Structure formats: C-alpha cells, structure tokens
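Take a look at the letters that make up each chain.
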Amino acid sequence: MIFISEKIVISTCNHEKLYFAVAVKNGKIIKTILPKLTEKEAIAEISDSFSSFQLSDEYQGLAESVCRAYHGERVSFKDKFIVHELKGDFQKDVLHEVVEIPYGEVRTYKQISEAIDSKAYRAVGTAIGKNPLPIIIPCHRVVKSDLKVGGFFGGTEMKKEILENEGICIINGKIIIKK
DNA sequence: GCTTTAGACGTAT
DNA sequence: ATACGTCTAAAGC
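Residues numbered from 1 in each chain as written. Chains lettered and ligands numbered in written order. Predicted model: local features only at pLDDT ≥ 70, side-chain atom pairs only at ≥ 80, totals over all residues. Heavy atoms only, no water.

All right, on to the protein's contact with DNA strand C then. Neighbouring residues of DNA strand C: 16 residues in total, closest Tyr-109, Lys-110, Arg-122, Gly-129 and Ser-145. Of all atoms in DNA strand C that approach within 4 Å of the protein, 48% are sugar or phosphate atoms. Within the side chain of Arg-122, one N or O atom sits 2.6 Å away from a base nitrogen of DNA strand C. At 3.3 Å, a side-chain N or O of Lys-159 approaches a base oxygen of DNA strand C. Taken together, the elements giving at least two residues each to the surface near DNA strand C come down to α4 (109-115) and α5 (121-129). Ranked by residue count, the leading element in the surface near DNA strand C is α5, at 7 residues. Residues that form the surface near DNA strand C fall into these classes: 7 nonpolar, 5 polar and 4 charged. (Near = heavy atom within 4 Å. Polar contact = N/O pair within 3.5 Å; in protein donor to acceptor, adjacent residues only side chain to side chain. Helix = DSSP H or I, 4+ residues; strand = E, 2+ residues; numbered from the N terminus. Nonpolar A, V, L, I, M, F, W, Y, C, P; charged D, E, K, R; others polar.)

Written as structure tokens, this is what we have:
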C-alpha cells in the first residue's frame, strides 16, 4: 500500500527584513504565518503544529504571493488553500464568512456574527484569532463595531499596516470609510 | 472622547 | 466547572 503524500512542505521567502512562510500539503496551503523578523522565527512558528515536515524552496512562489498580498497586491489564492482541521462548525462558519470580505473593505465582528446567526461577537474574535491562514483569510479586515482597528495576533500596528496597504484610510486608529 | 461594567458565547483546560 | 478571548452596549465622567 502506497500512501500518497501526506508530506508537509514548508517554503519561505524574504522581503525587506520580513520573512514569510507557507506550509503546503498535497499542493494546498494549509498554514501561513504573519511575517517574522528572522527566517528562524518564521520556520519555528509555522512548523510548531506539525510533527514532521520538510523545508524546500518548492513553494517559494506561494510564499512570495503571500508576501505580495501582505504588501497590498491583489492576489487570488483561489483553489490554493483549504480551511482544514478546524474543531467546530462555528470556526468554519466564521472563517468562511471572513474569506468573502472583498479586498479593500472591512466588516465588524458583529457583522460576522450576525451573518452566521449568532450573538457570539467575542467568540468570533476568538475563532478568527485561530485563523490558520493569516493574510490569505483576511482576518485583518475584521474590525470593531466603532470602526477602531481592534486586536490582532500580529499586533494592532501590523493590522493597520496591512489595511493601509490595501488602501484603507486609518486616522487615529479608526477606519475612515470612503464615500 | 475615554473608562468601566456587565453581558454574550464558543473553546481550552 | 472555570477562565479567557482580535467584542458590544450602556453608563458615568
């Protein structure tokens, strides 16, 4: 019996002091990270949920795509990722909503919870915080109801930076919706 | 505008 | 059972 590849391959790329990484299984991205300041940190973070993996430059191009998305380029990852290994339906529902937020727009935690018929605003934040695919699943586009930027795994500053890279205007920590 | 407070609810431990 | 979280709304300053 031959086991087709369950092998996890990790590729990295570097751009102006930032190190990105992707983990790929069966040709699909299964995990990304927010950029780190060293390649070592990037690899440590992306690999910590895998018992075995191998490093390769095979998917460096995908890592570069994530990097470009971070910097505001409109990159489509359609068919290149799967939302996997999520515990409950709740997290899946939340993440599926978040994926639909268009480039350059934002939604609030409340809007996401209403979209899935829930009042669990806070649980939405928790679920998004476990997003295995930051950047690809645009959790940075989810903000507080008063349009303040809100929390972020990589820090509020990084969230602001990504949003600004997408052309979103932020003044004093608040999203300014363009007319 | 800022801070506190209570409320809501999925998840981890 | 308990505690925590990328939160919200209301109340007080």
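So, on to α5. For α5, every residue scored as buried is listed here: Val-124, Ala-127 and Ile-128. For α5, the angular spread of buried residues about the axis comes to 95°, placing them on one side. (Buried < 20%, exposed > 50% of the residue type's maximum accessible area, 1.4 Å probe, protein only. Arc of directions from axis to C-beta.)

By domain assignment, chain A separates into domain 1 (8-70) and domain 2 (89-176). Contacts between the two partners involve 11 residues from domain 1, matched on the other side by 12 residues from domain 2. For the pair domain 1 and domain 2, the two sides together bury roughly 1,000 Å², of which 70% comes from carbon and sulfur. For the domain 1 face of the interface with domain 2, the top three residues by lost area are Thr-32, Leu-34 and Tyr-70, together amounting to 63%. On inspection of domain 1 and its partner domain 2, the count reaches 0 salt bridges. There are 4 residue pairs in polar contact (both at pLDDT 80 or more) connecting domain 1 and domain 2. Where the side of domain 1 that touches domain 2 is concerned, the elements lending two or more residues are β3 (28-32) and α2 (60-70). (Domains from an automatic or database assignment. Contact = heavy atoms within 4.5 Å. Buried area = accessible area lost by both parts, 1.4 Å probe. Salt bridge = Lys/Arg side-chain N within 4 Å of Asp/Glu carboxyl O.)

Counting residues in hydrophobic clusters, the biggest one holds 35 residues, and the most contacted among them are Val-94, Val-98 and Ile-128. Here this core gets 6 residues from one element, more than from any other, and that element is α2. Formed jointly, this core draws a minimum of three residues from each of two domains, domain 1 (8-70) and domain 2 (89-176). Those residues within four positions of Ile-128 in sequence are excluded, and the remaining contacts are Val-94, Leu-95, Val-98, Tyr-109, Cys-139 and Val-142. (Core = buried A, V, L, I, M, F, W, Y, C linked by side-chain atoms within 4.5 Å.)

What follows is about the packing of aromatic side chains. Within the structure shown, the criterion is met by 1 aromatic pair. Considering the side-chain rings of Phe-20 and Tyr-70, the 5.4 Å spacing of their centres and the 70° angle between planes classify their relative orientation as edge-to-face. With a gap of 50 residues between them, Phe-20 in strand β2 (residues 18-25) and Tyr-70 in helix α2 connect regions that are remote in the sequence. In terms of burial, Phe-20 and Tyr-70 fall into one category: buried. Directly above the ring of Phe-50 sits Lys-31, whose terminal nitrogen or CZ lies 5.8 Å from the centroid. (Phe/Tyr/Trp six-rings, centres within 6.5 Å; stacked < 30°, edge-to-face > 60°. Lys NZ or Arg CZ within 6 Å of the ring centre and 35° of its normal.)

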